[in-house]
Amino acid sequence: MGEEMHWNSTASTLGHECGDEMALHCARASIPSRRTVRARATWESEGPPPPPPRPLPALESAKEAPRWAWRSACAFLLGGQVVLRASRGRIHAKNFATQLRAVGPSSLGVAMLTSSFVGMVFTIQFVREFTRLGLTRSVGGVLGLALARELSPVITAVILAGRVGSAFAAEIGSMQVSEQVDMLRVLRADPVDFLVTPRVLATSVAMPLLTVICFTVGLAASTLLAAGVYNIPANVILDSVVRALRPWDMIAALVKSVCFGYIIAVVSCAWGFTTRGGAKGVGESTTSAVVISLVCVFIADFVLSYFFFQGEGDALKQLT
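For every chain, the first residue of the written sequence is number 1, and numbering continues from 1 along that sequence. pLDDT decides what is reported in this predicted model: residues at 70 or higher carry local features, side-chain atom pairs at 80 or more are listed and counted, and totals for whole chains, interfaces and linings draw on all residues regardless. The side-chain numbers reported here are obtained from all heavy atoms of the structure, hydrogens and water having been left aside.

Student: Would you explain the overall build of the protein chain in this entry?
Tutor: Counting its secondary structure elements, the protein chain contains 13 helices and 0 strands. In sequence order, the protein chain lays out its α and β elements as α-α-α-α-α-α-α-α-α-α-α-α-α. Working note: accessible area of the protein chain is about 18300 Å², and carbon and sulfur atoms make up 66% of it. Each helix is a run of DSSP H or I of at least 4 residues and each strand a run of E of at least 2, with the numbering of both proceeding from the N terminus. Areas reported as accessible are Shrake-Rupley estimates using a 1.4 Å probe. Residue values count occlusion only from the protein chains shown.

Student: Just checking my understanding: could you explain the environment of Phe-309 for this structure?
Tutor: Summarising the element assignment, Phe-309 is placed in the segment after α13 (278–308). Sequence separation between Phe-309 and Asp-249 is 60 residues, and the spatial gap between their C-alpha atoms is 9.1 Å. Only heavy atoms matter for contacts: two residues are in contact if any of them lie within 4.5 Å across the pair. In this view, Phe-309 contacts Arg-149, Trp-248, Asp-249, Ala-252 and Lys-256; residues no more than four positions away in its chain are not counted.

Student: Mind showing me how you'd approach helix α5 (residues 67–87) here?
Tutor: A turn of α-helix holds 3.6 residues, and therefore any two residues three or four places apart point the same way. For a helix, the expected span equals 1.5 Å multiplied by the number of residues minus one. Between its terminal C-alpha atoms α5 stretches 30 Å, which fits the 30 Å expected from 21 residues at 1.5 Å a residue. Within α5 the residues assigned to the buried category are Arg-71, Cys-74, Ala-75, Leu-78, Gly-79, Val-82 and Arg-85. Buried positions in α5, seen along its axis, are confined to an arc of 145° and lie on one side of it. Residues of α5 that are exposed and point more than 90 degrees away from the buried face comprise Phe-76, Leu-77 and Ser-87. Among the structural elements, α10 (191–228), α12 (247–273) and α13 are those in contact with the buried residues of α5. Looking one or two residues beyond α5, the residue adopting positive phi is Gly-89, at roughly 85°. The buried label applies to any residue whose accessible area, calculated with a 1.4 Å probe on protein chains only, is under 20% of its type's maximum; exposed applies above 50%, and partly exposed to all values in between. As used here, the arc is the angular range of directions from the helix axis to the C-beta atoms.

Student: What exactly am I supposed to notice about the packing of aromatic side chains here?
Tutor: The description of two aromatic rings rests on the distance between their centres and on the angle between their planes. Side-chain rings of Phe, Tyr and Trp (the six-membered ring for Trp) are treated as a pair once their centres are within 6.5 Å; stacked means planes under 30 degrees apart, edge-to-face means over 60, and tilted covers the remaining angles. With the rule as written, the count across this model stands at 6 aromatic pairs. Relative to Phe-126, the ring of Phe-122 lies with its centre 5.8 Å away and its plane at 65°, an arrangement referred to as edge-to-face. Linking Phe-122 with Phe-126, this pair stays in helix α7 (residues 105–132), spanning 4 residues, or about one helical turn. In this structure Phe-122 comes out as partly exposed when scored by relative accessible area, which is 30%. When the ring of Trp-248 is compared with that of Phe-308, the centres are 5.3 Å apart and the planes differ by 85°; the resulting orientation is edge-to-face. Of this pair, Trp-248 sits in helix α12 while Phe-308 sits in helix α13, and the two are 60 residues apart along the sequence.

Student: Teacher, can you tell me more about unusual backbone geometry here?
Tutor: Excluding glycine, a negative phi dihedral is what most residues carry, and trans is how most peptide bonds are arranged. The phi dihedral of Glu-179 is positive, around 65°, even though this residue is not glycine. According to the relative accessible area criterion, Glu-179 is exposed, its value standing at 54%. Of note in this structure, Arg-188 is not a glycine but carries a positive phi near 65°. Residue position: Arg-188 is located in the loop between α9 (180–186) and α10. For Arg-188, a relative accessible area of 82% gives the class exposed.

Student: Quick question: what am I supposed to make of a nonpolar patch on the surface here?
Tutor: Two distance rules govern patches: like charges are joined within 9 Å, and nonpolar side chains (Val, Leu, Ile, Met, Phe, Trp, Tyr) within 5 Å, applied only to residues with over 30% relative accessible area and no salt bridge. Basic side-chain nitrogens of Lys or Arg form a salt bridge, by our definition, when they fall within 4 Å of a carboxyl oxygen of Asp or Glu. Taken together, the side chains of Val-291, Val-295, Ile-299, Phe-302, Val-303, Tyr-306 and Phe-307 present a nonpolar region at the surface, about 710 Å² in accessible area. Position of Val-291 among the secondary structure elements: in helix α13. Here Val-291 falls in the partly exposed class, since its relative accessible area comes to 46%.

Student: Sorry, what's going on with the nonpolar core here?
Tutor: If you look at soluble globular proteins, the nonpolar side chains tend to sit buried side by side. Ranked by size, the top nonpolar core spans 37 residues in total, and within it Leu-78, Leu-160, Leu-195, Val-196, Phe-260 and Phe-273 carry the most contacts. Elements represented by at least two residues in this core include exactly α5, α8 (139–177), α9, α10, α12 and α13. For this core, the element with the highest residue contribution is α12, accounting for 10 residues. Residues in contact with Leu-78, not counting those within four places in the same chain, are Val-192, Val-196, Cys-269, Ala-270 and Phe-273. Only buried residues count toward a nonpolar core, which is a set of Ala, Val, Leu, Ile, Met, Phe, Trp, Tyr and Cys residues joined through side-chain atoms within 4.5 Å. Residues Leu-145, Cys-214, Leu-219 and Leu-245 belong to the second largest nonpolar core, which totals 15 residues.

If you want it as structure tokens, here you go:
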């Protein structure tokens with residue numbers, strides 16, 4: 001209180017001496033408040049405040065962990081959260097419909113074109129070798145098995161990883177860098193429910209449908225090429241396909257497709273959420289998401305093929 005009175009008297013003296021209201025105003029502006037005086041007195045009596053607590057060692061080690069490690073952990077967490085929330089019915093219907101249109105019809109043309117040329121390339125290779133062995137009637141069965149079990153699911157997964165997965169990573173990465181994800185949390189909207197779950201479900205639903213279409217288009221292109229160029233009747237190719245394929249082959253292809261779509265969407269969204277560093281970080285996350293998605297798809301393809309088609313097969317015995 002004595003110090004404040006001293007500053008008031010100083011300000012009055014300065015104002016009377018200078019005869020200027022500006023000098024009086026400046027002097028009063030430099031007067032410390034009561035809170036400042038009390039804080040200064042507390043500092044002098046009790047000493048400086050204690051330093052802030054250090055973070056836990058586990059958190060420090062997590063920050064120093066490799067980037068791929070915490071990105072992989074984020075992918076596992078997101079995948080589990082999507083399954084849990086989808087099982088509880090926490091699905092944003094409008095976003096799901098929007099993402100389903102973006103994944104399915106928008107990717108249909110590229111998938112059909114790619115599968116048709118892949119089917120024709122395999123037809124050239126198979127017909128050339130099988131004709132020398134006198135196994136022309138087995139060409140359709142081998143093509144059907146290759147397209148159903150491996151080519152159609154894997155080709156569709158590669159197309160979606162390059163087209164849809166990169167879009168997911170870029171969109172969510174841009175939102176993360178521009179703090180739009182934080183804005184969703186401020187508005188009490190869960191980013192997982194709003195951004196991740198619709199994308200994962202849309203990809204998992206559209207992937208099997210695209211796989212069936214790719215299989216049909218690839219087989220049709222192979223049949224047309226065999227009939228038009230190598231003079232193998234179309235009914236011979238189709239009869240061989242019917243005798244070689246079994247319902248389990250198509251079921252395994254659909255199961256693979258669902259798993260591939262789930263992997264692509266979860267990895268892409270996780271890489272988007274862990275984006276840092278502005279526009280450069282968005283580009284790096286997009287490229288890395290496509291590469292990691294494809295690697296995970298190929299690993300999952302090996303594991304599923306090992307369990308689905310383990311042991312000796314008898315599909316080609318039906319062709320002899």
